[in-house]
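# Geometric and topological summary
Take a look at the letters that make up each chain.
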Amino acid sequence: MTKIVLLGYMGCGKSTIAKKLSQLINIPFVDLDQYIEEKLNLSVSAIFEQRGEIYFRKVEHESFVALLSSPDSIIIGLGGGTPCYANNHELLKQEGVLSVYLKASVATLFKRLSLNKSKRPLIANKTNEQMEEFIAMHVFERSFYYNQAKFIVTVDNKTVDETVRDISTLLA
Ligand SMILES: Nc1ncnc2c1ncn2[C@@H]1O[C@H](COP(=O)(O)OP(=O)(O)O)[C@@H](O)[C@H]1O
Ligand SMILES: O=C(O)C1=C[C@@H](OP(=O)(O)O)[C@@H](O)[C@H](O)C1
Ligand SMILES: [Mg+2]
């Protein structure tokens, strides 16, 4: 069964787009962060704080593997770091996986994340100035993994509905 996997940097819209795409194409969606939060009954921030990032990455990998091996067709919204750890990018190449990189410019990411950073432990304590530099460097470091996706969709200056439509056209 098909797994549509959305990936990309924090703030590119994976969680928002996965939910909307799910409504449009009538395939259920799972947000990987939410799945982990429910599994451990802890928020992502609390997992980072209490158990550390390495533990989070371990659970993230196990959860991604579990979702990929489920018998149903699902849309999976990954966390921004998912493809960059534990060889998860190799899993994107599996048969039946349609991976889509939601590619956003640093300016778009900065604009969105400056309004939404408190639940993201990697940036929660940064000033806006530190954050802009951090995002630029981090996207650059991670782009090798993001570029392993089968499809790339640019999200800058698009509404949620426009991006969702672009993805559904790609997958048709
Ligand atoms: N065109 C857009 N597409 C997706 N998200 C958008 C858009 N415009 C604004 N946003 C906002 O940007 C944020 C994206 O966050 P989210 O969906 O959690 O991304 P991710 O899961 O990739 O970190 C949300 O607050 C969303 O409302
Ligand atoms: O980029 C990352 O390493 C992370 C991204 C987050 O998901 P979003 O991309 O949905 O914010 C979440 O998994 C965690 O805070 C770590
Ligand atoms: Mg998300």
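The numbering scheme is per chain: residues are counted from 1 as the chain's sequence reads. To label them, take the chains in the order written and letter them from A, then take the ligands in the order written and number them from 1. Per-residue local features are limited, in this predicted model, to residues with pLDDT of at least 70; the limit for side-chain atom pairs, both in listing and counting, is 80 or more; totals at the level of whole chains, interfaces and linings are taken over all residues. Heavy atoms from the whole structure form the basis of all side-chain values; hydrogens and water molecules are not counted.

Secondary structure elements are defined from DSSP: runs of H or I of at least 4 residues count as helices, runs of E of at least 2 residues count as strands, and each element is numbered from the N terminus. Among the structural elements, R57 can be located in helix 4 (residues 53-68). A relative accessible area of 8% means that R57 is categorised as buried. Counted as a polar contact is a pair of N or O atoms within 3.5 Å, where, for protein atoms, one must be capable of donating a hydrogen and the other of accepting one, and residues adjacent in sequence contribute only when both atoms are in side chains. A distance of 2.9 Å separates polar atoms of two side chains, one belonging to R57 and the other to E60. Residues within four places of R57 in sequence aside, it is in contact with F48, G81, T82, Y85, L122 and R142. Here the term buried applies to any residue with accessible area under 20% of the maximum for its type, exposed to any over 50%, and partly exposed to those in between, with areas from a 1.4 Å probe on protein chains only. Here, residues are in contact when the closest pair of their heavy atoms is within 4.5 Å.

The next subject is the layout of surface pockets. Looking at the largest pocket, its volume works out to about 900 Å³. Around the largest pocket sit 38 residues that line it, and G11, S15, D31, D33 and R120 are the ones nearest its centre. At five residues, helix 1 (residues 14-25) tops the list of elements feeding residues into the lining of the largest pocket. Class assignment of the residues belonging to the lining of the largest pocket gives a composition of 13 nonpolar, 13 polar and 12 charged. A pocket here means an open set of points on a 1 Å grid, computed over the protein atoms alone, that has protein on both sides within 12 Å along at least five of seven lines. A cavity is instead a set of points where a 1.4 Å probe fits but cannot get out; residues with an atom within 4 Å of a point line either one. Grid points are joined across faces, edges and corners, and a volume is the space filled by probe spheres set on the points. Classes in brief: Ala, Val, Leu, Ile, Met, Phe, Trp, Tyr, Cys and Pro nonpolar; Asp, Glu, Lys and Arg charged; the others, Gly included, polar.

Let us look at empty space enclosed by the protein. For the structure shown, the criterion picks out one cavity of 30 Å³ or more. Reported here for the largest cavity is a volume of approximately 30 Å³. What lines the largest cavity is Y9, C12, Y101, L102, K103, A104, L109, V139 and Y146. Where the lining of the largest cavity is concerned, the elements lending two or more residues are strand 4 (97-103) and helix 7 (128-146). Top contributing element to the lining of the largest cavity by residue count: strand 4, with three residues.

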